Amino acid sequence: MKRLGRGAVLLFISVLFLTGCRGEDEALGDSRLYDEMSGEGEGDIIIGFSEIGSESDWRRAHTESFKSTFSSENGYYLLFEDAQQKQENQLKAIRNFILQEVDYIVLDPIVETGWDAVLQEAKDAGIPVILADRFAEVADEELYTCWVGSNFYEEGERAGEWLMNYLREQGRGDEPIHIVTLQGTLGSSAQIGRTEGFHKVLLENENWIMLEQQSGDFVQAKGQEVMEYFLDTYEDIDVVISENDNMAFGAIDAIQAAGKSCGPDGEIAIISFDSSYAALDCMLNGEINADFECNPLLGPMVSDIVRKLERNKPVEKIQYVKEKYFDTSMDLKKIMENRAY
Ligand code: AHR
């Protein structure tokens, strides 16, 4: 059933969920009410978007990008589901979208594995699935239409290369460098890519010693907790690799509370990922050394993909977003003037 009268279908299913056994006439009566309330226009493209949660500043900007792009003004009706960091909630949301016969499913998978069965169900129902931000490793790549997001491996590798040059410039290219890593959610593309990319450069530098890597789940409070543990456990930490900005904020608090200093003039260098406005501000304050961008504003790119699919145009299977990095040698004030997130 393509678009026409979709509000009635959506409502009928919702009403069945709510009441269990009401008559069809009653339900259709409510459907008119639903159409008026939802603002769904006939011909709107219905998008079911399964978002991971709201663990970071990045995530909030990402959600906002989808909500503002997939608006009724732009010809969409968005069913948004926040999975609150649980894969099982994402699986439920996708099954619900299938039941509601949405036109497209957009999935940001919390971890890479465990999606084959549900994506097969979407395929069997004829609903295209677009993966955004994180990736899903499935046996059959026909289970998703395309993926759009960051090259997380490259981000990690570039962070390692930046550190190598920075240490050389400081005349510390050969001295033992003690590193700890605050990892993101284990098994997520952002964690896997950043950890592996940095690890490649670590292997090229025999004097770098990875003391420990532990997950702070991309969350500030957990980042702080893990950093407190690192500071209690290791006397000499030279570098913190924080796999996102919010964990870096937690690390800064932990370092300062322990009476130590961080940033270009401090005892501990911090390298982070995301390059949110708040992190650039920390860099301006001399608390973070370098930050590798991860662009959360994927809504318009996904909308372009949908529009192409609507016209039966081909879309590229894998689409990387262009990204930069920032450090304290740059004119951060100027950069921040136009920063969108
Ligand atoms: O998947 C992107 C990552 O997830 C971002 O780096 C992080 O901030 C977010 O929570």
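Our structure is the block above this text.
Model, not experiment: these values are computed from the prediction.

In this section: helix α4 (residues 87-99). If you check α4, its first and last C-alpha atoms are 19 Å apart, about what 13 residues at 1.5 Å a residue would give, namely 18 Å. Every buried residue belonging to α4 is among Q90, A93, I94, F97 and I98, and all of these are buried. Around the axis of α4, the buried residues are gathered within 140° of arc, so they sit on the same side. With respect to the buried face of α4, the exposed residues turned more than 90 degrees away are E88 and K92. Along its buried surface, α4 packs onto β1 (45-51), β2 (76-82), β3 (104-107) and α5 (116-124).

Next up on the list: the layout of surface pockets. The volume enclosed by the largest pocket comes to roughly 240 Å³. When residues of the lining of the largest pocket are traced back to their parent elements, those giving at least two are α6 (152-169), α7 (189-204) and β11 (318-320). Here the residues of the lining of the largest pocket are counted per class, giving seven nonpolar, four polar and two charged. Of the voids in this model, the second largest pocket is the one considered here, and its volume is about 200 Å³. Forming the walls of the second largest pocket are 13 residues, and the residues nearest its centre are W162, N165, Y166, Y325 and D327. Looking at which element gives the most residues to the lining of the second largest pocket, the answer is α6, with six residues.

With that settled, the discussion passes to the pairing of strand β6 (residues 177-183). Of all seven residues in β6, seven are buried; the element is thus mostly enclosed. Residues of β6 alternate between two faces, with I177, I179, T181 and Q183 on one and H178, V180 and L182 on the opposite face, all of them buried. In the sheet, β6 pairs with strand β7 (residues 208-215) via seven bridges, with the strands oriented parallel. Across the sheet, residue Q183 finds its bridge partner in β7, namely S215. For the crossover that starts at β6, traverses α7 and ends in the parallel β7, the hand is right-handed. Bridge analysis of β6 against strand β8 (residues 239-242) gives four bridges, and the strand direction is parallel. Bridge pairing in β8 places L182 opposite S242.

Within this structure, the stated rule accounts for 13 aromatic pairs. Seen in terms of ring centroids, Y229 and F230 are 5.8 Å apart; in terms of plane orientation they differ by 45°. Their pairing is tilted. Take F230: its relative accessible area is 0%, and that puts it in the buried class. Between F273 and F292, the aromatic rings sit 6.0 Å apart at their centres with planes inclined by 45°, giving tilted as the arrangement.

Another point: the pairing of strand β5 (residues 146-149). Strand residues, when the strand is regular, have side chains that alternate between the two faces of the sheet. Of the two faces of β5, the one lined by C146 and V148 and the one lined by W147 and G149 are each fully buried. Pairing analysis gives three bridges linking strand β4 (residues 129-132) to β5, with the strands arranged parallel. Looking at the pairing, L131 lines up with W147 of β5. Direction of pairing for β5 relative to β11: parallel, over a ladder of three bridges. For V148, the partnering residue across the bridge sits in β11 and is Q319.

Strand pairing within a sheet occurs via backbone hydrogen bonds; the two strands may be parallel or antiparallel. With respect to topology, six strands assemble into an open sheet ordered β2-β1-β3-β4-β5-β11, the strand pairing being parallel. The open sheet has two free edges, formed respectively by β2 and β11, since each of these has just one partner strand. Here the average twist between neighbouring strands, direction ignored, is 20°. Of the pairings in the sheet, the one linking β1 to β3 comprises four bridges and is parallel in character. Considered in β3, the bridge of G48 is made with I105. Together, β1, β2, β3, β4, β5 and β11 form the strand contacts of helix α11 (residues 299-310), whose direction differs from that of β4 by roughly 160°.

The environment of the ligand is formed by E55, S56, W58, R59, D133, R134, A190, R194, F218, N244 and D274. S56 places a polar side-chain atom, nitrogen or oxygen, 3.0 Å from an oxygen atom of the ligand. In this structure, R59 approaches the ligand through a side-chain N or O atom, which is 3.2 Å from an oxygen atom. A majority-of-atoms criterion places the ligand in the largest cavity. Among the secondary structure elements, those contributing two or more residues to the shell around the ligand are α3 (57-69) and α7.

This part is about the environment of L131. For L131, the location among the structural elements is in strand β4. Between the C-alpha atom of L131 and that of L107, which follows or precedes it by 24 residues, the distance is 4.9 Å. Ignoring sequence-local partners within four residues, the contact set of L131 consists of L107, P109, A136, Y144, C146, W147 and V148.

Cut-offs applied
Just so you know, the residues in each chain are numbered from 1, in the order the chain's sequence is written. Two thresholds apply to this predicted model, a pLDDT of at least 70 for residue-level local features and 80 or more for giving and counting side-chain atom pairs, whereas whole-chain, interface and lining totals are computed over all residues. Water and hydrogen atoms were dropped before computing side-chain values, which therefore reflect all heavy atoms in the structure. Helical segments are the DSSP runs of H or I of at least four residues, strand segments are the runs of E of at least two, and each set is numbered from the N terminus. The span one expects for a helix is its residue count, reduced by one, times 1.5 Å. The buried label goes to any residue with under 20% of its type's maximum accessible area, the exposed label to any with over 50%, and the partly exposed label to all in between, with areas taken from a 1.4 Å probe on protein chains only. The arc refers to the directions leading from the helix axis to the C-beta atoms. By definition, residues are in contact when any of their heavy atoms lie within 4.5 Å. For each structure, a 1 Å grid was placed over the protein atoms alone; sets of points admitting a 1.4 Å probe that cannot get out are labelled cavities, open sets with protein on both sides within 12 Å along at least five of seven lines are labelled pockets, and lining residues have an atom within 4 Å of a point. Grid points are joined across faces, edges and corners, and a volume is the space filled by probe spheres set on the points. When residue character is reported, Ala, Val, Leu, Ile, Met, Phe, Trp, Tyr, Cys and Pro are called nonpolar, Asp, Glu, Lys and Arg charged, and the others, Gly included, polar. Two strands pair if DSSP finds at least two bridges between them. Note on handedness: a crossover is taken as right-handed if, strands pointing away from the viewer, the path from the first strand over the helix to the second is clockwise. Geometry of aromatic contacts follows a simple scheme: Phe, Tyr and Trp rings, the Trp one being its six-membered ring, pair when their centres are within 6.5 Å, and the pair is stacked under 30 degrees between planes, edge-to-face over 60, tilted otherwise. Axes here mean lines fitted to C-alpha atoms, for a helix over just the part in contact, with angles spanning 0 to 180 degrees between N-to-C directions. For this purpose, a residue is taken to be near a molecule or strand whenever a single non-hydrogen atom of the residue falls within 4 Å of it. Pairs of N or O atoms are called polar contacts if they sit within 3.5 Å, as long as, within protein, a hydrogen donor faces a hydrogen acceptor (for residues adjacent in sequence, only side-chain-to-side-chain pairs). Put plainly, a molecule is in a cavity or pocket when over half of its atoms are within 2 Å of the grid points there.

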